[in-house]
Amino acid sequence: MLRISTLALALSLLAFTGCKKKEEGAAADKGTSAAKAGDTPKAADTPAAAKPVEMDAPALFADYNKPGQDGMALLEKWRPGVIVTGTVTNVIAEESGLTHVWTDGGDNHKVTLDFTDEGKAAKDKGVKAGDKVTAQCSIGGSDGNMMMLTDCTLK
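Quick caveat, the model's predicted, so the values are computed rather than measured. (Residues numbered from 1 in each chain as written. Predicted model: local features only at pLDDT ≥ 70, side-chain atom pairs only at ≥ 80, totals over all residues. Heavy atoms only, no water.)

**Student:** Please explain the state of the cysteines as it appears in this structure.
**Tutor:** Every disulfide links exactly two cysteines, by a covalent bond between their sulfur atoms. In total, this model carries one disulfide according to the counting rule given. One disulfide bridge connects Cys 137 with Cys 152, the sulfur atoms lying 2.1 Å from each other. Disulfide Cys 137-Cys 152: torsion about the S-S bond near 115°, hence right-handed. With Cys 137 in strand E5 (residues 132–142) and Cys 152 in strand E6 (residues 146–154), this residue pair connects regions lying 15 residues apart in the sequence. (Disulfide = S-S within 2.5 Å. Helix = DSSP H or I, 4+ residues; strand = E, 2+ residues; numbered from the N terminus.)

See below:
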């Protein structure tokens, strides 16, 4: 019995250290392959160089939620973010101090805005239902009825 448990312990330690070496080797390979390539992305090739798309909320909702889209293509398309303009349908002020703004996404859909300043600018401007707002945001996702925009700043 002692031999079996010793053998099992030795095999598990061997497997554990083998995995670690493989991970370290893979990390080293990644570094050397990038160094061998010697290519650094050009500023125009990086997503940060792209500018946010400007759209109104209903057009954004319709474009993002088109049936049959490739998820990876959506990520790339919207990586730079969006500057969205919409009509406010609801302003939600939480007890914690956060303020969320919902805009009309057309066809009974909503586009929600969550702000980097936790809604302070919206609160200071007195944003209310019926107002038009413009904000630069990142896209958080959509469930088909509501689209969530994150890291927004009011314009």
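**Student:** What is the right way to look at helix H2 (residues 57–64) in this model?
**Tutor:** Every buried residue of H2 is accounted for by Ala 57, Leu 60, Phe 61, Asp 63 and Tyr 64. The arc enclosing the buried residues of H2, seen along the axis, measures out at 170°, which places them on a common side. By the N-cap criterion, in which a side-chain oxygen at the helix start approaches the backbone nitrogen of a residue two or three places on, H2 is capped by Asp 56, the distance to Ala 59 being 3.0 Å. (Buried < 20%, exposed > 50% of the residue type's maximum accessible area, 1.4 Å probe, protein only. Arc of directions from axis to C-beta. Polar contact = N/O pair within 3.5 Å; in protein donor to acceptor, adjacent residues only side chain to side chain.)

**Student:** I keep staring at the confidence of the model for the chain and nothing clicks. Help me out?
**Tutor:** Atomic detail in the predicted coordinates should be set aside for any region of low pLDDT. For the chain, per-residue confidence averages 80 on the pLDDT scale, and 68% of positions sit at 70 or higher. The lowest-confidence element of the chain is helix H1 (residues 2–37), averaging 46 in pLDDT; the highest-confidence one is strand E4 (residues 109–115), averaging 98. Counting contacts from residues 1–48, a segment whose pLDDT is below 50, to residues more than four positions away or on other chains yields six contacts. (pLDDT = per-residue confidence, 0-100. Contact = heavy atoms within 4.5 Å.)

**Student:** Would you take a moment to explain the pairing of strand E3 (residues 99–106) for this structure?
**Tutor:** Within a regular strand, side chains alternate between the sheet's two faces. Most of E3 is tucked away: six of the eight residues are buried. Judged from the five bridges that link them, strand E2 (residues 82–93) and E3 form a sheet pairing that is antiparallel. Each residue of the ladder has a partner; that of Ile 92, found in E3, is His 100. The loop that links E2 with its antiparallel partner E3 comprises five residues; one of these, Gly 97, has a positive phi angle of about 105°. (Pairing = 2+ DSSP bridges.)

**Student:** So what exactly am I meant to see when it comes to the side chain of His 100 here?
**Tutor:** Looking at the secondary structure, you find His 100 in strand E3. Relative accessible area serves as the criterion here: at 16%, His 100 is assigned to the buried category. Polar contacts involving the side chain of His 100 include one to the side chain of Glu 94, which spans 2.6 Å. A distance of 2.3 Å separates polar atoms of two side chains, one belonging to His 100 and the other to Asp 114. In this structure, His 100 is in contact with Asn 90, Val 91, Ile 92, Glu 94, Leu 113 and Asp 114, ignoring residues within four places of it in sequence.

**Student:** When you look at the packing of H2 against helix H3 (residues 71–78) in this model, what are you seeing that I'm missing?
**Tutor:** Two quantities define a packed helix pair, namely the angle between the helix axes and the distance between the axes. Between H2 and H3, the least distance of the axes is 12 Å, while the angle of their chain directions is 150°. Of the residues in H3, those touching H2 at Leu 60, Asp 63 and Tyr 64 are Leu 74, Lys 77 and Trp 78. Within the contact of H2 with H3, the residues separate by chemical class into four nonpolar, no polar and two charged. (Axes fitted to C-alpha atoms, helices over the stretch in contact; angles between N-to-C directions. Nonpolar A, V, L, I, M, F, W, Y, C, P; charged D, E, K, R; others polar.)

**Student:** Explain the nonpolar core to me, please; I cannot follow it from the model alone.
**Tutor:** With 23 residues, the main nonpolar core has Leu 60, Leu 113, Cys 137, Ile 139, Met 147 and Leu 149 as its most contacted residues. Residue assignment for this core shows that the elements contributing at least two residues are H2, H3, E2, E4, E5 and E6. Those residues in contact with Cys 137 that sit more than four places away from it in its chain are Gly 81, Val 82, Val 84, Leu 113, Leu 149, Thr 150, Asp 151 and Cys 152. (Core = buried A, V, L, I, M, F, W, Y, C linked by side-chain atoms within 4.5 Å.)

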